[in-house]
Amino acid sequence: MGFEFVDLAGEELWPMICDEGLSLGAMAGHHSISDGLNRRENARRILDELRSNLEKAVRWKIPVLICFSGNRGSESDAGGLMTCAETLVQIAPEAEKASVTLALELLNSKVDHRGYEADSTAWGLRLCQEVGSPAVKLLYDIYHMQIMEGDLVRTISSHHGQFAHYHTAGNPGRGQPDASQEIFYPAVYRAIAATETPARVAHEFLPSENPLTALEKAFRDCAAAGEE
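Here is a short report on the structure shown in this document. (Residues numbered from 1 in each chain as written. Predicted model: local features only at pLDDT ≥ 70, side-chain atom pairs only at ≥ 80, totals over all residues. Heavy atoms only, no water.)

1. Concerning the packing of helix α3 (residues 77-98) against helix α4 (residues 121-131)
For step 1, the next point in the chain: Packing of α3 against α4 leaves a shortest axis separation of 9 Å and a crossing angle of 45 degrees. Relative to α4, α3 is oriented oblique. Between α3 and α4 the crossing geometry is right-handed. Packed against α3, whose contacting residues are D77, G80, L81, M82, C84, A85, L88, V89 and A92, the element α4 presents W123, R126, L127, E130 and V131 at the interface.
For step 2, the next point in the chain: Classifying every residue of the contact of α3 with α4 by side-chain character gives 10 nonpolar, one polar and three charged. (Axes fitted to C-alpha atoms, helices over the stretch in contact; angles between N-to-C directions. Helix = DSSP H or I, 4+ residues; strand = E, 2+ residues; numbered from the N terminus. Parallel < 35°, antiparallel > 145°, perpendicular 65-115°, else oblique. Left-handed = near helix turned anticlockwise from the far one by under 90°. Contact = heavy atoms within 4.5 Å. Nonpolar A, V, L, I, M, F, W, Y, C, P; charged D, E, K, R; others polar.)

Shown next, in the form of structure tokens:
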């Protein structure tokens with residue numbers, strides 16, 4: 001079909017993926033989405049998990065480790081951001097040395113991940129600024145950010161320098177990224193292509209038809225828009 005890499009595959013599948021000529025695009029850097037970086041009591045566990053996964057990322061040439069803020073608690077958004085930064089500052093030099101990017105994923109807190117703290121681009125950008133490392137960026141999930149704030153093309157055009165990776169899916173329903181839903185993906189793909197940054201696009205949607213047919217269509221649509 002033309003795909004170059006696979007995201008979030010189980011570790012038991014990595015040898016097969018590489019043997020078939022694909023690479024590994026991104027993996028989770030630590031656990032979990034809801035219990036993440038914004039809790040000081042999680043810092044040592046998450047640092048241990050990130051260090052272990054940095055070793056795997058180097059060995060398997062995985063460029064991105066995905067990180068998660070965790071759900072909001074009693075602390076303010078500003079306080080949660082500072083707690084996330086405290087842990088990332090400690091591990092960022094090791095990620096830089098390994099040439100691996102720690103990408104905090106932006107998720108919606110309205111539908112799929114209620115209570116998740118990193119639910120806006122502005123919050124994520126402030127975190128990157130606070131950490132101040134080229135190894136700490138964002139995973140810009142187009143589906144999630146459409147739900148929370150929209151303005152996708154302008155955001156990508158303005159802030160792509162802090163976006164290490166992209167995920168796609170249609171909204172509503174996280175389905176095929178095509179004309180059946182509200183996101184006009186050709187314009188989004190063109191905006192990404194125009195940035196000429198090293199960030200890559202991974203399709204993370206729920207197919208309504210045969211998965212291989214759906215993936216082939218998604219690849220074709222993305223490639224066509226990027227060539228315009």
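2. Considerations on the sheet that holds strand β4 (residues 101-105)
For step 1, the next point in the chain: Spatially, β1-β2-β3-β4-β5-β6-β7 is the arrangement adopted by the seven strands of the open sheet, whose pairing is parallel. Each edge of the sheet is formed by a strand with only one pairing partner; in this case those strands are β1 (5-7) and β7 (200-203). Strand-to-strand twist in this sheet, taken as the mean axis angle between neighbours without regard to direction, amounts to 25 degrees.
For step 2, the next point in the chain: When β4 meets strand β5 (residues 136-141), the two strands line up parallel, connected through four bridges. Directly across from L104, in β5, lies its bridge partner L138.
For step 3, the next point in the chain: Relative to β5, α4 is tilted by about 165 degrees, and along the sheet it contacts β4, β5 and β6 (163-168). (Pairing = 2+ DSSP bridges.)

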